[in-house]
Amino acid sequence: MFFVPDNSEFMADNLESLKDFLKEREDNSKWVTDEDGAKIDDVRFKPINDEPICVPAEVEKLKNAVVPKFLSSEEAYVDSMNCSDMGYQGSSQMMFIKGELWPVGSSAVKSILERSGIRGDGWDKLRDFRPEYLSSVLNKLMESSKGFVCVLIQDDKVRAVNSGRYAICPATYVAEETERWIKNERPLAQFKTGYVSHEYAMWQIDLSAYTNEVLGQFPALASNNFTPGVQVYLSHTGKSSVSIRPCLMHDKAIFPLVGSIDCPHIAKGSAPERTLQMKASVRNNFGLIFQNMGKAMESIEKLDSIQIKNAYGAVLRVMKAVGFPKAQGMESAEQFQKIYPDVASAYDCFLAIVDASSFVMRDFAKDQRKLFDAADSVGRAAKMKWTDYDIPGDFSW
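In short, a report on the structure.

What follows is about the overall build of the chain. Assigned secondary structure in the chain consists of 15 helices and 18 strands. Computed over its C-alpha atoms, the radius of gyration of the chain comes to 23 Å, within 12% of the 21 Å expected for a compact globule of 397 residues. Each principal axis of the C-alpha atoms in the chain carries an extent, and together these give about 70 × 50 × 35 Å. Taking all 397 residues of the chain together, 51% fall into the buried category. Relative to all contacts within the chain whose residues are 6 or more apart in sequence, the contacts with residues 24 or more apart total 71%. By element, 50% of the accessible surface of the chain is carried by carbon and sulfur atoms, the whole surface being about 18,100 Å². The centroid of the 47 positive side-chain charges in the chain is displaced by 5 Å from the centroid of its 55 negative side-chain charges.

Below is the structure:
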């Protein structure tokens, strides 16, 4: 294996380069599963020395030990340190599994919390106080647990610690299914952009060539220059599923809508059998894209029939509720208030949040994570119950 830092990101502007990168990641990884006898009560944690000056000697000592085998690198060890004074904010932990010792990547923390039953603030508190205390607590919780685990080791670190029922679905397979779907079902579709981090992979497909087919029954969306798209999202951490989400595109932005077609990474049988089930479900779900897209568009157009009496305040409240960036949200809301000082439809309120995304694109043009998060907030705003936020009086964000 070779080392890739926790905060690394990759962008692709075509499907081939995305597939090549995903293939490289998979070639630089391995899974330890129930097929290998990986039990949760055998998992153990060990603290990482938080003194940078001691790292070379510490890593050399680990490499020279017969058991457990430390198969990682000095770079991965340093990247996992928790030493804020020196700019390191890693997990502070190494994990022992089936005779091997690996640094824990930041992306694995959430799944370890799920396996152990502790909360994120508990992890942070123990990590920042004494990493060895965190190791001790985790070890006791793992020892008292039952069942198997499915562990992803990639780029010199543990990247995910999932349950024994986890169904592995390679990202390369999902990318290939995307390519197959475009070729066989929607040949005029265009790959828009792709993004990969240790937490998730995501890519977006432009379906504007099929605007009449998708939005022909939704004149309001068509008249506001929306076009359809689709987003494919997958993760071995966090939201652990393969999700296909209908999207609305506007200008250069693409907004994934609530109502995704999800395929959770859970199945029955052996690890290979679970993978086959997962692959079959993913392929089947690609066939449901246009069916679900119509339902998503219909729910947005229905917003036009909902009257919001305190429109400005409702826009602000919804923006805050979906986690939209404050400065850019306020800028759009103030422009919206000049046009709709009192009453507006929920659809007009939604358009104010769509407009706000252009300010996020202006101010954070190179921050892809920020742009994706803002677009996701717009999509969630489309499904909010706007009448719940139609409240008289001033609102302080």
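There is more to say after this.
A separate point is the sheet that holds strand 8 (residues 100–103). Strand order in the open sheet made by the four strands is 3-7-8-4, with mixed pairing throughout. In this open sheet, the two strands that pair with only one neighbour each are strand 3 (44–47) and strand 4 (69–70). When strand 7 (residues 93–97) meets strand 8, the two strands line up antiparallel, connected through four bridges. Looking across to strand 8, one finds that F96 is bridged to L101.

Before going further, it helps to examine the sheet that holds strand 2 (residues 29–32). Consider a sheet: its strands pair through backbone hydrogen bonds, and that pairing is either parallel or antiparallel. The antiparallel open sheet is built from three strands, whose spatial order is 2-9-10. Where the open sheet ends on each side, the last strands, each with one partner, are strand 2 and strand 10 (157–163). In this sheet, neighbouring strand axes are inclined to one another by 15 degrees on average, regardless of whether the strands run parallel or antiparallel. Relative to strand 9 (residues 149–154), strand 2 runs antiparallel, the two sharing four bridges. Within strand 9, the residue paired with W31 across the bridge is L152.

Our next topic: the nonpolar core. Ranked by internal contacts, the top residues of the largest apolar core, which has 80 residues, are W203, F226, F350 and W386. If you tally residues by element for this core, the top one is helix 14 (residues 346–363), at 10 residues. The residues contacting W386, other than those within four sequence positions of it, are L303, I308, A314, V315, V318, A346, C349, F350, I353 and A381. Counting 22 residues, the second largest nonpolar core, distinct from the first, contains I40, W102, V151 and I153.

With that settled, the discussion passes to helix 15 (residues 368–381). Residues lying three or four places apart along an α-helix face the same way, a consequence of the helix completing one turn every 3.6 residues. End to end, helix 15 covers 20 Å across 14 residues, agreeing with the expected 20 Å (1.5 Å per residue, within 8%). Inspection of helix 15 places L371, F372, A374, A375, S377, V378, G379 and A381 among the buried residues, and these make up the whole buried set. Buried residues in helix 15 make contact with strand 1 (10–12), strand 11 (190–196), strand 12 (201–206), strand 15 (253–256), helix 12 (311–321) and helix 14.

A cis amide bond links V67 with the next residue in sequence, P68, at an omega value of -10 degrees. Turning to its location among the elements, P68 is positioned in the loop between helix 2 (55–64) and strand 4. Of note in the backbone geometry, D156 takes a positive phi value of approximately 75 degrees without being a glycine. As for its placement among the helices and strands, D156 is situated in the loop between strand 9 and strand 10. The backbone of N225 sits at a positive phi, close to 65 degrees, despite the residue not being glycine. With respect to the element layout, N225 can be found in the loop between helix 9 (219–223) and strand 13 (227–234).

Our next topic: helix 12. Within helix 12, nine of the 11 residues are buried, which leaves the element mostly enclosed by the surrounding structure. Residues of helix 12 that are buried include every one of A311, Y312, G313, A314, V315, L316, R317, V318 and M319, and no others. Contacts from the buried residues of helix 12 go to strand 17 (307–308), helix 13 (326–339), strand 18 (344–345), helix 14 and helix 15. G323 sits one or two residues past helix 12 and shows a positive phi near 80 degrees.

This paragraph deals with the pattern of salt bridges. Per the stated rule, a full pass over the model turns up 26 salt bridges. Among the charged side chains, a salt-bridge network with shared partners connects D6, D79, K157 and R159.

Here the structure, examined in full by the defined rule, presents 10 aromatic pairs. Both rings, one in W181 and one in F286, keep their centres 6.4 Å apart while their planes meet at 45 degrees; by these two values the pair is tilted. Residue W181 is found in helix 7 (residues 171–184), and its partner F286 is found in helix 10 (residues 271–286); the two are separated by 105 residues along the sequence. Among the aromatic residues, those joined into a ring-pair cluster are W181, Y210, F286 and F290.

For M384, the position within the fold is in the segment after helix 15. When the C-alpha atoms of M384 and M86 are compared, they prove to be 43 Å apart, with 298 residues separating the residues in sequence. M384 has contacts with V318, A321, V322 and Y389, leaving out every residue within four places of it along the chain.

Moving on, we come to the packing of helix 14 against helix 15. The contact between helix 14 and helix 15 brings their axes to 9 Å, and the two run at 175 degrees. Taken together, the axes of helix 14 and helix 15 lie roughly antiparallel to each other. For the pair formed by helix 14 and helix 15, the contact residues are F350, I353, V354, S357, V360 and M361 on the first element and K370, L371, A374, V378 and A381 on the second.

Inspection of the secondary structure puts S72 in the loop between strand 4 and helix 3 (74–79). Side-chain polar atoms of S72 contact the backbone oxygen of D156, separated by 2.7 Å.

Criteria and thresholds
Residues numbered from 1 in each chain as written. Predicted model: local features only at pLDDT ≥ 70, side-chain atom pairs only at ≥ 80, totals over all residues. Heavy atoms only, no water. Helix = DSSP H or I, 4+ residues; strand = E, 2+ residues; numbered from the N terminus. Rg over C-alpha atoms; globule rule 2.2 N^0.38 Å. Buried < 20%, exposed > 50% of the residue type's maximum accessible area, 1.4 Å probe, protein only. Contact = heavy atoms within 4.5 Å. Areas by Shrake-Rupley, 256 points an atom, 1.4 Å probe, with all protein chains shown as cover. Lys, Arg positive; Asp, Glu negative; His and termini not counted. Charge placed at Lys NZ, Arg CZ, Asp CG, Glu CD. Pairing = 2+ DSSP bridges. Axes fitted to C-alpha atoms, helices over the stretch in contact; angles between N-to-C directions. Core = buried A, V, L, I, M, F, W, Y, C linked by side-chain atoms within 4.5 Å. Expected span 1.5 Å × (residues − 1). Salt bridge = Lys/Arg side-chain N within 4 Å of Asp/Glu carboxyl O. Phe/Tyr/Trp six-rings, centres within 6.5 Å; stacked < 30°, edge-to-face > 60°. Parallel < 35°, antiparallel > 145°, perpendicular 65-115°, else oblique. Polar contact = N/O pair within 3.5 Å; in protein donor to acceptor, adjacent residues only side chain to side chain.

So yeah, pure geometry; function would need other evidence.
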